[in-house]
Amino acid sequence: MEHPLIGDLGAVSIEDLSTKVTELYKKLGIAQRSGNAHLCNQLRMAIETYQNQYQQRIEQERKKTGGPNFDGIINIE
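Here is a short report on the structure shown in this document. (Residues numbered from 1 in each chain as written. Predicted model: local features only at pLDDT ≥ 70, side-chain atom pairs only at ≥ 80, totals over all residues. Heavy atoms only, no water.)

**Brief notes about the nonpolar core**
Right, on to step 1. If you look at the biggest cluster of nonpolar residues, it comprises 11 residues: Leu9, Leu17, Val21, Leu24, Leu28, Ala31, Cys40, Leu43, Ala46, Ile47 and Tyr50.
Right, on to step 2. Sorting the residues of this core by element identifies helix H1 (14-34) and helix H2 (37-65) as the ones contributing at least two each.
Right, on to step 3. For alanine 46, the residues in contact, after removing those within four places along its chain, are His3, Ile6 and Leu24. (Core = buried A, V, L, I, M, F, W, Y, C linked by side-chain atoms within 4.5 Å. Buried < 20%, exposed > 50% of the residue type's maximum accessible area, 1.4 Å probe, protein only. Helix = DSSP H or I, 4+ residues; strand = E, 2+ residues; numbered from the N terminus. Contact = heavy atoms within 4.5 Å.)

**Some thoughts on H2**
Right, on to step 1. The terminal C-alpha atoms of H2 lie 42 Å apart, and with 29 residues this matches the ideal 42 Å at 1.5 Å per residue to within 8%.
Right, on to step 2. For H2, the set of buried residues is Cys40, Leu43, Met45, Ala46, Ile47, Thr49, Tyr50, Gln53 and Arg57.
Right, on to step 3. Those residues of H2 that are buried are in contact with H1.
Right, on to step 4. Glycine 66, located one to two residues past H2, shows a positive phi value of around 85°. (Expected span 1.5 Å × (residues − 1).)

**Overview of the pattern of salt bridges**
Right, on to step 1. Considering all chains together, one arrives at two salt bridges under this definition.
Right, on to step 2. Across the pair lysine 64 and glutamate 61 runs a salt bridge, and its minimum N-O distance is 3.9 Å. A residue pair is termed a helical-turn pair when its members lie 3 or 4 positions apart in one helix, as lysine 64 and glutamate 61 do in helix H2 at three residues.
Right, on to step 3. You can call lysine 64 exposed: its relative accessible area is 66%.
Right, on to step 4. Judged by its relative accessible area of 36%, glutamate 61 is partly exposed. (Salt bridge = Lys/Arg side-chain N within 4 Å of Asp/Glu carboxyl O.)

**Thoughts on H1**
Right, on to step 1. Spanning 21 residues, H1 covers 31 Å between terminal C-alpha atoms, matching the ideal 30 Å at 1.5 Å per step.
Right, on to step 2. Leu17, Val21, Leu24, Leu28, Gly29 and Ala31 are the residues of H1 that are buried. All buried residues of H1 project into a common sector of 165° when viewed along the axis, lining one side. More than 90 degrees from the buried face of H1, the exposed residues found are Glu15, Lys26, Ile30, Arg33 and Ser34.
Right, on to step 3. Tucked into the core, H1 has its buried residues touching H2.
Right, on to step 4. Count one or two residues on from H1 and you reach glycine 35, which has phi positive near 80°. (Arc of directions from axis to C-beta.)

Have a look at this one:
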């Protein structure tokens, strides 16, 4: 379930999305140690939102570039 209060992430770069996910995981660890279940749920929703956007962007980049070329690396005969 994605977080309903996070706005449009279309203008955020892939690097910033990755950084934000890392920061949110650190905050989730702190919230878990403190025993704050409600905050943990909110952080998990935010993490899911940012990760979904990150995955969509990575997939778009792969489609634009045609993906990696493994022709010279993999030889199946």
